[in-house]
Amino acid sequence: MFSNTVIISFTFGYLALLFAIAWFSERSAKNGRRLSNHPAIYALTLAVYCTAWTYYGSVGRAATNGLEFLTIYIGPSLVAPLWWIVMRKIIRISKVQRISSIADFISSRYGKNVTLGGVVTVVCLLGILPYTSIQIKGVATSFQILQGSGVADSLANLPFYQDTAFYLALGLALFTILFGTRNIEATAQHEGMVMAVAFESIFKLIAFLVVGVFVTYFVFDGFTDVFSKVAEEGLDHLFVMQGQSSASEWFWMSVLSMMAILFLPRQFQMGVIENTNEKHLDTAMWLFPLYLLLINIFVLPIAFGGLVHFTSGSFEADTFVLAFPIAFNQEWLAILVYLGGFSAATGMIIVSTIALSTMVSNNLVMPLLLVNDQFQKRYQHRLGQILIWSRRLSILLIILAAYLYYKQIAGQFTLVSIGLISFVAIAQFAPAIIGGIFWKKGARVGALVGILAGFAVWFYTLVVPTMVTAGYVPESLLTEGLFGLRFLRPQALLGFSDMSYISHGLFYSLTLNAVLYLIISVFSQQTSKEHNQAVIFVDIFKYSTSLDASVIWKGQAYLPDLKTLLVNFLGEEKMEEALEEFKLNSGKKLDDKIYADPELVNFSERLLSGIIGSASARIMVASVVKEEEISMEEVMGILQETQELKSLNHQLETNSEELKIASEKLQSLNESLQLNDMLKDEFISTVTHEMRTPITSIRAFSEILMDEDLPDEDRARFLEIIIQETKRMSRLIDQVLDLERFDSGRQKLNLEATNPKTLILEVTESMEQVFKEKNLLFEKDLMRSEVLISIDQDRIKQVILNLLSNASKFAKSKVMLRAEASKDNLMISVCDDGKGIPEEEVPYIFDKFFQAKNQTSKKPLGSGLGLAISKKIVEYHQGKIEVGRKNGITCFEFSLPIPKEKLKLIK
Amino acid sequence: MYKILIVDDEPNILLSLEYLFKKEGFKVFIARDGEEALGIISEDEPELVLLDIMMPKVDGYEVCKHIKDQHKNIKVVFLTAKSKQQDVEKGLNLGADLYLTKPFGNKDLVTRVKNLLN
C-alpha cells in the first residue's frame, strides 16, 4: 500500500519529532521552566503502561476472550486510590533515600544488599526483555501490514541488515542514550524523556480514538450496530463473563495488573523516579484511570467489527486496528494508526530501557567493579565516566537483545501472552516491597529466597511452555511432567489444572514467594544496618524530615578523601555545589575540619546513592570511612532518641503538669517521712529509756553485792531482784522485736485450724494462780457451740494473756472473760471492774509506750508494748480490737473472722 | 547526820538507793512519786533531794521547781534515765545542783552527793 520509503520517512519523522520535543523541553528546563512539573503530565507519563500490547493486543484478546482484556485495566484503576498509601510512601522513601530504580529500592530496604539488588536486576532483565521484544514485533508487524505484504513472518526472516525493525531499534537506542543518560545522577529527572513520553501518550490515545470512531461510526453504524451484527454471527458469548473459571480468571488478572502498575520497571521509573511532586498523585489517581477508560472504549467495537468484517482470517486479530483503515483505503488514517502503535511501543521501550540500564550499571556493573580493590584504585578517577558508559552500553545491548529475541522467538506469540508472562515475573517483587514498607521484620534472606523461588516457579510454569512452543524443549514435558512425574507438569502443578496458564503460574510463584518471605523473615535476625533501613522505610513519614540528623552511623571520615570520592562522580564544580548546599541546610562549617562528621558522611552517601545506587554507594563510602561496627542496641537507642525528640514538645507540657503533681506528692511524702522519722526517734529513745530502768537496778544491786559483809538474807533478796530485772529486760527486747516484725510486715502467722474454746482454757489455766494470789474473782463465759477458726495459736494466746494480765493489774475485785460466736466472727472480751481508762486517753491506749509517755497516770507494771502488739496480732488475723466501758466495767474486746467454708481440725 | 530524800517510782531502784545511803550513815526518806515527795519536803526538810524525773502525778521537774521556789537551801540532784542534752539543760536551768544519769555507779553517786553537802 505504501512504499517503504514513505513509511520509513514517517517513522523517522516521528522519531525526529520526539527528539525535538525532548530537546526543546530540556532547554526550557535549563531556562528554569520545567514543563514536566505538572500533575497532568505526570498522569500521562504513567500511561506508558499502555504499550503496543494495549494498542494492538487488547483488540486481539477481545476478539478471542471477550471482556477479559479489561482486567489488565481494571486492576490499576481499582488500585489507584490506594496509591495514596502505597505509592506516596514509595515515592517519599525513594526521594529521601535517593533510590534510582526498583532494584535499588529493594536492595536498599534490605540493608543496601548487593546480592539482592543484583538478583532483582537479573529478574527484571529476563522478565522485561521478551516484553520489550514484542514491542519491536508490534512495530514490525504494523510496518509490514502497511507495506501490504501478506505473510506475517516474512519480515522476521529477513537478514537484520535488510530489516527495518533493526534500524528502528538502533534509532530508539540512540534516542534513549541521548535523553536517558545525559545526567550521571540516575535519580535526576529526565526532563526531555518525560515530555516525549507524555507526548507519546497523548498521540497514541488520539490515534486509537480516531480509528475507534472511524470503525464504529463510519464502517458501522454506532455501537448498537456493531454489537447486533456480532450477535447475528453467534459470537454474543464474548459479551459476558464466562462461567466459574472465568470469575477466578478475572480476579487473578486484576491482581496481576495491580502489581504490574506499581512494580514494572518503567512504571517505577515514571511513577517514582520521575515524580517531581507527591501532590501530583492526587490528580493521577483519577486522571490515569480515566485515560485507561478512554483508550479502552473502542476496543470491543474494533474487535467485534474485525470479527464480522474479516471473516476470512486475512488479518490476525492483533492487527484489526490497522486492518480497517487499510481495508477501507484510508491511507492517512492508516499512517496515523501506525504511528500511534509506534508511539505506544517506543514509549515502553525507551522508559524500560532507561530503567533497566540504570539497574544494570548500578546494581550489577558497579558492585562487580567495586569488589576489586585493584580496579577501584586504578580507575577511581574515571569511575564516573565508566558508570555513564556502562549505562549507554547496556541500553544498546538491551535493545539489541530484545531485537534478537524478537527474531528468534517472539514472532511466534501473541502480544498479550508475552506481556502477561512479564507481568508475572515483576509480580515477584510485590511481597518484598509491600512487606518491606509496612513490616519492619521483613528480612533480607526472606526477600531473596522468596524472589528466587518465585522466579524459578515463574520460569518453569510460564517460560518453559513457551520454549516448548518454540521447539527448544520436547512437548512431552508438558504432557508427562518433569522426569515423567505428572504432578510436575509445568501447566498443572500438583495436578491443578483448572486455571488458565497465566493464573496458574501467578498463583504458584507468588504464593511460594510470599510464604517463604514471611516464614524466613519471622525466623531470621536482621543485621543492624538492615534493621536501620527497615525502620526508615516503614516509618518514613516520621523520619523523612530529619534524616541527616538521625544518623545511624559511627566513625570518622577524612574530609579530603570524601571530597575526592564525590569529585570522581560529580566533578569539582558539582561537588562544591553539593557541599555548599549541605552547609546551608545543616548550618555547619566545613572549612576548618579535617574529619567529616557522620551527618556529612551520610549526606555524601545519599548523594552517591542517586548516582550509583545505594548498595554501591555504601561500598564506596565505606572505602574512605573508618567505620565502627554499630550494635543493635545503639541503633535502637539512636532511633528512639529521634522519636523521643519529636514527641518531646508534647511531653514537656504534660510533664510540667505531672511534675507539679509529683512535687506535691513528694512534699506530702516527705512530711510523712519526717513524721515517721520522728516517731522512730521517739520510739528508740523510749525503748532505751525503758531499758535503762532495769539496768540501773541491776547495776546498783550488783555493786551492793560486791560489798563484803552483807547479811545472807539481803544477799538472797538482792539476787532475786537482779534476776527479775534481767527477765524484765529480755521481755522488753522480745516485745520490741515482735513489734518491729509486725510493723515492717515481716511477721508470718502460723495459721492452724483451732477450736477457740480449747485455746482459751489453756490460757486461763496459767492465769488462775495469779488471780488467786491477787484475790480476784475470775468468771468465764464460753460459748456452747463449737466453731473452728484459722489462727496462729501462740499469737492469739499472747493477746488473751496480755489482756488478762492487764485486767489483773487494774481490777478491783473481778475479771471476766467471754467468748461468743456470731455468724462471721468470734468475739472475745476481757473485762475488769477497775477504775477504767480516762476518756481522753482511749484513742492512744493501743499506741506503743503510751503508758511510758503519759507521765501523769500511775505507771503500770510492764513494758507499755503489750497492747500495741496485741492490736497488731489481731489485725494480722483480719480482726479488730477495741476498748469500752459500761456500768463501771472496762472491756477490751477483739474479733476474729470465722472462715466461710468449714475447717477440718488437723491433729 | 544528813537527811536525804530519795524520789523514784521504780521500787527496786528506790530500794537500792535507800540501802546505799543508809549504809553511808544518812537519814533516808523515800517517796514513790512527786506528790508524796512534796509532803516529805515540807515536813521533814531534808538537806538534799535525789530526784527522778519521769514519775506519776507530779514529775521531777515540778518538784525541783517547788524546792527552788520554797526551800532554796535544799540541794537537788536529778537522777534520771533521761540523758538527752536538752533534758540536762532543762534540769539545770530549774536550779538543780547536779544532773546524774542512770545507770549510775554507787560509789560515784555517794561521793558526789557527799561533796555537794560538804
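Remember, predicted model here, so these are calculated numbers, not experimental data.

1. A short note on the overall build of chain B
Then comes step 1: A count of helices and strands for chain B gives 5 helices and 5 strands.
Then comes step 2: Traced from its N-terminal end to its C-terminal end, chain B shows the element sequence β-α-β-α-β-α-β-α-β-α.
Then comes step 3: The proportion of buried residues among the 118 residues of chain B is 41%.
Then comes step 4: Partitioning the contacts of chain B with sequence separation of at least 6, the portion at a separation of at least 24 is 58%.

2. Regarding the overall build of chain A
Then comes step 1: Counting secondary structure elements, chain A contains 35 helices and 10 strands.
Then comes step 2: Split into buried and exposed, the 907 residues of chain A put 44% on the buried side.

3. What to know about the nonpolar core
Then comes step 1: Counting 200 residues, the largest nonpolar core has A:Ile106, A:Phe263, A:Ala303 and A:Val424 as the members making the most contacts within it.
Then comes step 2: No other element matches helix α16 (residues 331–371) of chain A, which puts 21 residues into this core.
Then comes step 3: Membership of the second largest hydrophobic core comes to 35 residues, among which are A:Ile698, A:Ile722, B:Ile6 and B:Ile67.

4. What to know about the interface of chain A and chain B
Then comes step 1: Counting from both sides, the interface comprises 18 residues of chain A and, opposite them, 18 residues of chain B.
Then comes step 2: Only α30 (632–706) and α31 (712–744) of chain A provide two or more residues apiece to the side of chain A that touches chain B.
Then comes step 3: It is α30(A) that contributes the most residues to the side of chain A that touches chain B, 11 residues altogether.
Then comes step 4: Looking at the side of chain A that touches chain B residue by residue, the class counts come to 5 nonpolar, 7 polar and 6 charged.

5. Some details on the environment of A:Cys891
Then comes step 1: Secondary-structure assignment places A:Cys891 in strand β10 (residues 889–897).
Then comes step 2: Spatially, the C-alpha atom of A:Cys891 lies 9.5 Å from that of A:Leu803, the residues being 88 residues apart in sequence.

6. Examining helix α7 (residues 114–147) of chain A
Helical geometry note: an α-helix holds 3.6 residues per turn, so side chains three or four residues apart project in the same direction.
Residue and element names in this part refer to chain A.
Then comes step 1: When the terminal C-alpha atoms of α7 are compared, their 48 Å separation across 34 residues agrees well with the 50 Å that a helix rising 1.5 Å per residue should span.
Then comes step 2: The largest bend in α7 amounts to roughly 30 degrees and is located at isoleucine 128, with the proline proline 130 lying one to four residues further along.
Then comes step 3: In the stretch just after α7, glycine 148 is the one whose phi turns positive, near 90 degrees.

7. Things to note about the environment of A:Thr479
Residue and element names in this part refer to chain A.
Then comes step 1: Positionally, threonine 479 belongs in helix α22 (residues 476–480).
Then comes step 2: According to the C-beta neighbour criterion, threonine 479 is exposed, with 12 such atoms within 10 Å.
Then comes step 3: For the pair threonine 479 and alanine 492, spaced 13 residues apart in sequence, the C-alpha to C-alpha distance is 9.4 Å.

8. Thoughts on the sheet that holds strand β8 (residues 825–832) of chain A
Residue and element names in this part refer to chain A.
Then comes step 1: Strand order in this open sheet of 5 strands is β5-β7-β8-β10-β9, and the pairing throughout is mixed. If you trace the sheet from one side to the other, it starts and ends with β5 (777–782) and β9 (881–886), each paired once. The mean angle between the axes of side-by-side strands here comes to 15 degrees, regardless of whether they run parallel or antiparallel.
Then comes step 2: Sheet analysis places β9 next to β10, joined by 6 bridges and oriented antiparallel. Residue glutamate 882 lies in a different strand from β10, and its bridge partner there is glutamate 893.

9. As for the packing of helix α1 (residues 4–30) of chain A against helix α9 (residues 191–219) of chain A
Residues and elements named next belong to chain A.
Then comes step 1: Taken N-terminus to C-terminus, the directions of α1 and α9 make an angle of 135 degrees; their axes are 7 Å apart at the nearest point. Classified by the interaxial angle, the pair formed by α1 and α9 is oblique. Here α1 and α9 pass one another in a crossing that is right-handed. Taken together, the residues of α9 that come into contact with α1 (itself represented by Leu18, Ile21, Ala22, Trp23, Ser25, Glu26 and Ala29) are Glu191, Gly192, Met193, Met195, Ala196 and Phe199.

10. Remarks on the confidence of the model for chain A
Residues and elements named next belong to chain A.
Then comes step 1: Confidence in the prediction for chain A averages 81 pLDDT; 87% of positions are at 70 or higher.
Then comes step 2: Low pLDDT, under 50, characterises residues 546–553; the predicted model gives this stretch 21 contacts beyond four residues in sequence or across chains.
Then comes step 3: In this model residues 852–860 is a low-confidence stretch, pLDDT under 50, and it forms 18 contacts with partners more than four residues away in sequence or in other chains.

11. Some words on the sheet that holds strand β2 (residues 27–31) of chain B
Residues and elements named next belong to chain B.
Then comes step 1: Pairing within the open sheet is parallel, and its 5 strands lie in the order β2-β1-β3-β4-β5. In this open sheet, the two edge strands, each paired with only one partner strand, are β2 and β5 (98–101). Ignoring which end each strand starts from, the neighbouring axes of this sheet average 20 degrees apart.
Then comes step 2: Pairing geometry for strand β3 (residues 48–51) and strand β4 (residues 75–80), over 4 bridges, is parallel. Paired with leucine 51 across the strands is phenylalanine 78, a residue of β4.
Then comes step 3: Sheet strands in contact with helix α2 (residues 34–44) are β1 (3–7), β2 and β3, and its direction is about 170 degrees off that of β1.

12. Quick look at the UniProt feature "modified residue: 4-aspartylphosphate" (unreviewed entry) in chain B
Residue and element names in this part refer to chain B.
Then comes step 1: The feature "modified residue: 4-aspartylphosphate" (unreviewed entry), as given by UniProt, occupies Asp52 in the numbering adopted here.
Then comes step 2: Considering the arrangement of structural elements, one finds aspartate 52 in the loop between β3 and α3 (60–70).
Then comes step 3: Judged by the 28 C-beta atoms lying within 10 Å of it, aspartate 52 is buried.
Then comes step 4: When residues no more than four places from it in sequence are discounted, the contact partners of aspartate 52 are Val7, Asp8, Asp9, Gly60, Leu79 and Thr80.

13. What to know about the environment of A:Ser352
Residue and element names in this part refer to chain A.
Then comes step 1: Residue position: serine 352 is located in helix α16.
Then comes step 2: The exposure class of serine 352 is buried, given the 28 C-beta atoms found within 10 Å.
Then comes step 3: Each C-alpha atom of the pair serine 352 and glutamine 267 lies 8.4 Å from the other, and the pair is 85 residues apart in sequence.
Then comes step 4: Look past the residues within four positions of serine 352 in its chain and what remains in contact with it is Ile128, Thr132, Pro265 and Arg266.

14. Considering the packing of helix α21 (residues 444–470) of chain A against helix α23 (residues 501–523) of chain A
Residue and element names in this part refer to chain A.
Then comes step 1: At a minimum axis distance of 7 Å, the contact between α21 and α23 shows a crossing angle of 165 degrees. In this view, α21 runs roughly antiparallel relative to α23, as classed from their interaxial angle. The way α21 lies across α23 gives a crossing that is right-handed.
Then comes step 2: Residue composition of the contact of α21 with α23, by class: 17 nonpolar, 9 polar and no charged.

15. A closer look at unusual backbone geometry
Then comes step 1: Look at the link from B:Lys102 to B:Pro103: it is a cis peptide, with omega at -10 degrees.
Then comes step 2: Counting through the fold element by element, B:Pro103 comes out in the loop between β5 and α5 (106–117).
Then comes step 3: Even without being a glycine, A:Asn329 presents a positive backbone phi close to 55 degrees.
Then comes step 4: Following the sequence through the fold, A:Asn329 ends up in the loop between α15 (320–327) and α16.

Each value, and the rule that gives it
Residues numbered from 1 in each chain as written. Chains lettered and ligands numbered in written order. Predicted model: local features only at pLDDT ≥ 70, side-chain atom pairs only at ≥ 80, totals over all residues. Helix = DSSP H or I, 4+ residues; strand = E, 2+ residues; numbered from the N terminus. Buried ≥ 20, exposed ≤ 12 C-beta atoms within 10 Å, placed from the backbone. Contact = placed C-beta atoms within 7 Å. Core = buried A, V, L, I, M, F, W, Y, C linked by C-beta atoms within 7 Å. Nonpolar A, V, L, I, M, F, W, Y, C, P; charged D, E, K, R; others polar. Expected span 1.5 Å × (residues − 1). Bend = angle between axes of the 7 residues up to and from the residue. Pairing = 2+ DSSP bridges. Axes fitted to C-alpha atoms, helices over the stretch in contact; angles between N-to-C directions. Parallel < 35°, antiparallel > 145°, perpendicular 65-115°, else oblique. Left-handed = near helix turned anticlockwise from the far one by under 90°. pLDDT = per-residue confidence, 0-100. UniProt positions renumbered as here; feature names shortened; annotations may be inferred.

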